[in-house]
Amino acid sequence: MFQWKDFKTVGDELMINSQEAYIRCATSRYYYSIFGSTREYLINIMNKYQFRNGKDIHKRVYDELIKSKDPNEVNLAECLKFLREVRNRLIMID
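Criteria and cut-off values
Residues numbered from 1 in each chain as written. Predicted model: local features only at pLDDT ≥ 70, side-chain atom pairs only at ≥ 80, totals over all residues. Heavy atoms only, no water. Helix = DSSP H or I, 4+ residues; strand = E, 2+ residues; numbered from the N terminus. pLDDT = per-residue confidence, 0-100. Salt bridge = Lys/Arg side-chain N within 4 Å of Asp/Glu carboxyl O. Buried < 20%, exposed > 50% of the residue type's maximum accessible area, 1.4 Å probe, protein only. Phe/Tyr/Trp six-rings, centres within 6.5 Å; stacked < 30°, edge-to-face > 60°. Lys NZ or Arg CZ within 6 Å of the ring centre and 35° of its normal. Arc of directions from axis to C-beta.

**Describing unusual backbone geometry**
Logical step 1: One non-glycine residue with positive phi stands out, namely Asn-47, at about 55°.
Logical step 2: Along the chain, Asn-47 turns up in the loop between helix H2 (20–45) and helix H3 (57–66).
Logical step 3: The phi dihedral of Asp-56 falls on the positive side, at around 55°, and the residue is not glycine.
Logical step 4: With respect to the helices, strands and loops of the structure, Asp-56 is situated in the loop between H2 and H3.

**A look at the confidence of the model for the protein chain**
Logical step 1: Confidence in the prediction for the protein chain averages 91 pLDDT; 96% of positions are at 70 or higher.
Logical step 2: The element-level mean pLDDT for the protein chain is lowest in helix H4 (residues 71–92), coming to 87, with helix H1 (residues 6–14) highest at 96.

**Structural notes on the pattern of salt bridges**
Logical step 1: This structure, assessed with the given rule, holds 5 salt bridges.
Logical step 2: We note a salt bridge from Lys-8 to Asp-12, for which the minimum N-O separation is 2.6 Å. Of this pair, Lys-8 and Asp-12 both sit in helix H1, separated by 4 residues, roughly a single helical turn.
Logical step 3: Looking at Lys-8, the relative accessible area reads 42%, which means it is partly exposed.
Logical step 4: Overall, the relative accessible area of 32% leaves Asp-12 in the partly exposed class.

**So, the packing of aromatic side chains**
Logical step 1: Per the counting criterion, the structure on display carries 6 aromatic pairs.
Logical step 2: For the ring pair Phe-2 and Phe-7, a centre distance of 5.4 Å and an interplane angle of 80° mean the geometry is edge-to-face.
Logical step 3: Judged by relative accessible area, Phe-7 falls into the buried class, the value being 17%.
Logical step 4: Where Trp-4 meets Phe-7, the ring centres are 5.6 Å apart and the plane angle is 85°; that geometry is what we call edge-to-face.
Logical step 5: Trp-4 sits in the partly exposed class, given a relative accessible area of 22%.
Logical step 6: Members of the aromatic cluster, each reached through a chain of ring pairs, are Phe-2, Trp-4 and Phe-7.
Logical step 7: Arg-29 extends its terminal NZ or CZ atom over the ring of Phe-7, reaching a point 4.5 Å from the ring centre.

**Side note on H1**
Counting along an α-helix, one turn takes 3.6 residues, and residues three or four places apart therefore face a common direction.
Logical step 1: If you check which residues of H1 are buried, you get Phe-7, Gly-11 and Leu-14. Angularly, the buried residues of H1 cover 60° about the axis, an arc narrow enough to put them on a single face.

In structure tokens:
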């Protein structure tokens, strides 16, 4: 069964190589590991089924967490935002 946390393992393996393509892929795997796990948390633990799919899902997940009263969820939102910004910057660099 697929586990989002496995993307972190893939990212770790990719980071062994310092070539740019590997770093770009690792960053993306780290982001999606956290994003996918967070989305599953919102759906399966918090029963927020509106996060199953839909337009702007990345922004919607972030917006949900950043307004939380739980400091762990706010921290998670900030981590997601940071990794997404890094990932997007790497994609744009050519």
